[in-house]
Amino acid sequence: MKVALVYAEYENMTDEIRQVNPNADNIMQDMLSTIKEALEYNNHEVYEIPANIDMMRNIMDIDDLDVIFVRYDPLENLKLQGNVFAALELLGIPIVGSGMLAQATALSKETTSLILSSWGLPVTKSQIIFDKKDDLKEDLKESFPLFIKPESEAVSVGIRNDSYVENEEELAKTLDRIFDEVNPPVIIEEFLPGREFTVGVLEDMGELKALEVTEITFAKESGVNFRTKEVMENKWHKKTTPADINEELELEMKYLAIKSFKAIKCDTYARVDIRLNAYSEPYIMEINTMPGLSKKTSPFVLEAEASGISYEELMDKLVRSAYYKGTDKKKLGIGKF
């Protein structure tokens, strides 16, 4: 098949972006390289397309294109992610990954929480604020400790040791810091003190499958038991796949992952982050509609391998599953919206 590999331009990353999201350019470059190699291994013809002002024209210039494989992680502002999917959907060509609606929904942690709650799925109490002087809701005042993070960011951007707060004084100090680092809104939520897990969901030719569960644990030198910018930079965390858990908890988390996938209307693949409360009950933290696909380090890839799917086979499944679903949809004339 002919595959357009759409990516976020990683060249000439500014110092300002690097401070917030270090190594994003290297991660993007390495991921693109391994994805392309895996697709070519499966005899797909790959065209690399940067997501810029010329993206649509460059795609339309490819004769008989079969699938668009999107790896667009905008380095400057993650909120832009849905925009590229929206533009590409106009072409009527099958896309690897969720569409604009799911991308935009999942990037808003508060919106995701509301939808999951309406499905009866377990989520924490939370509140989004647009100004550090906004009043805290009464139910959260009674729910310390709390956790503060950007409402629409990923890879632990804006999350530091002080994101965990035990009282309103600590909350005020952290809000001062986080509003200096990232754009609003910010989300405040109940802190879940238990173990942390992530579960990948793969759509294989129309059938949903929850992959093996990964547990994320944190080194003592980090001083925390959650992901922060420092934890990720210093690699003070460990991924264990499959997780050492009992069958009941495994099946429950896989069930929650698939239900979340359906609730947000995801497509092709996604990853669901889950954390246990003080009573070892699983709660959904967030949904990543475009999980990392780095060959050696990304949890989704590790979970696929633990489920008996090699990296090359996984990339092939993503492309073929997207194409399979796309054949049921009306294909628009290229450039005719």
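Remember, it's a predicted structure, so these values are computed and weren't measured experimentally.

Draft legend 1. Structural detail: the sheet that holds strand 6 (residues 146-150). With antiparallel pairing, the four strands of this open sheet are ordered in space as 5-8-6-7. Edge positions in the open sheet fall to strand 5 (126-129) and strand 7 (164-165), since each of these has one partner strand only. Contacting strand 5, strand 6 and strand 8 (186-190), helix 6 (residues 109-118) runs over the sheet at an angle of about 150 degrees to strand 5. Helix 8 (residues 168-181) contacts strand 5, strand 6, strand 7 and strand 8 of the sheet and is inclined by roughly 10 degrees relative to strand 6.

Draft legend 2. View of the packing of helix 5 (residues 100-107) against helix 6. As a packed pair, helix 5 and helix 6 sit with axes 5 Å apart at the nearest point and diverge in direction by 105 degrees. Of the possible angle classes, the one that applies to helix 5 and helix 6 is roughly perpendicular. Residues T105, A106 and L107 of helix 5 form the contact with helix 6, whose participating residues are K109, T111, T112 and I115. Per-class residue counts for the contact of helix 5 with helix 6 are three nonpolar, three polar and one charged.

Draft legend 3. Summary view of the side chain of S321. Residue placement: S321 occurs in helix 12 (residues 311-326). Relative accessible area serves as the criterion here: at 3%, S321 is assigned to the buried category. Non-local contacts of S321, meaning those with residues more than four positions away in its chain, are made with E203, D204 and M205.

Draft legend 4. Local environment of the pairing of strand 8. Most of strand 8 is tucked away: four of the five residues are buried. Sheet topology note: the strand 5/strand 8 ladder contains four bridges and is antiparallel. Pairing of I129 across the sheet is with V186, part of strand 8. Both strand 6 and strand 8 contribute to a ladder of five bridges, which runs antiparallel. Looking at strand 8, one finds that I148 is bridged to I188.

Draft legend 5. How the structure looks around the nonpolar core. Core analysis: the largest hydrophobic core is formed by 48 residues, its most contacted members being I59, I68, F69, L88, L293 and M315. L121, V123, A210 and F261 belong to the second-largest nonpolar core, a separate cluster that totals 26 residues.

Draft legend 6. Expanded view of the pattern of salt bridges. On inspection of all chains with the given rule, the structure shows 20 salt bridges. Notably, a salt bridge pairs D176 with K132, separated by 3.2 Å at the nearest N-O pair. Linking D176 in helix 8 with K132 in the loop between strand 5 and helix 7 (138-141), this pair joins segments that are 44 residues apart in sequence. According to the relative accessible area criterion, K132 is partly exposed, its value standing at 38%. Ionic pairing is found between D273 and R271, a salt bridge with its closest N-O pair at 3.2 Å.

Draft legend 7. Structural view of the packing of aromatic side chains. Under the defined criterion, the tally for this structure stands at five aromatic pairs. Here Y164 and F191 contribute two aromatic rings whose centre-to-centre distance is 4.8 Å and whose plane-to-plane angle is 75 degrees, an arrangement assigned as edge-to-face. Note that Y164 is positioned in strand 7 and F191 in the loop between strand 8 and strand 9 (196-204), a separation of 27 residues in sequence. We classify F191 as buried; its relative accessible area is 14%. Between Y269 and F300, the ring centres sit 5.5 Å apart and the planes meet at 70 degrees, which makes this aromatic pair edge-to-face.

Draft legend 8. Summary view of the environment of S152. Position of S152 relative to the elements: it lies in the loop between strand 6 and strand 7. Among the residues examined, S152 registers a relative accessible area of 10% and is labelled buried. Along the primary structure S152 and P185 are separated by 33 residues, whereas in three dimensions their C-alpha atoms are 7.7 Å apart.

Draft legend 9. Seen up close, unusual backbone geometry. A cis amide bond links F144 with the next residue in sequence, P145, at an omega value of 5 degrees. Among the structural elements, P145 can be located in the loop between helix 7 and strand 6. That bond from P184 to P185 is cis: its omega, 5 degrees, falls within 30 degrees of zero. Counting through the fold element by element, P185 comes out in the loop between helix 8 and strand 8. You will see that D64, though not glycine, has its phi angle at about 55 degrees, which is positive. On the secondary structure map, D64 appears in the loop between helix 3 (55-60) and strand 3 (67-71). In this model, M205 sits at a positive phi of 55 degrees, which is unusual for a non-glycine residue. Note on placement: M205 falls in the loop between strand 9 and strand 10 (207-218). Under the relative-accessibility criterion, M205 is labelled partly exposed at 39%.

Reading the values: the criteria
- Residues numbered from 1 in each chain as written.
- Predicted model: local features only at pLDDT ≥ 70, side-chain atom pairs only at ≥ 80, totals over all residues.
- Heavy atoms only, no water.
- Pairing = 2+ DSSP bridges.
- Helix = DSSP H or I, 4+ residues; strand = E, 2+ residues; numbered from the N terminus.
- Contact = heavy atoms within 4.5 Å.
- Axes fitted to C-alpha atoms, helices over the stretch in contact; angles between N-to-C directions.
- Parallel < 35°, antiparallel > 145°, perpendicular 65-115°, else oblique.
- Nonpolar A, V, L, I, M, F, W, Y, C, P; charged D, E, K, R; others polar.
- Buried < 20%, exposed > 50% of the residue type's maximum accessible area, 1.4 Å probe, protein only.
- Core = buried A, V, L, I, M, F, W, Y, C linked by side-chain atoms within 4.5 Å.
- Salt bridge = Lys/Arg side-chain N within 4 Å of Asp/Glu carboxyl O.
- Phe/Tyr/Trp six-rings, centres within 6.5 Å; stacked < 30°, edge-to-face > 60°.

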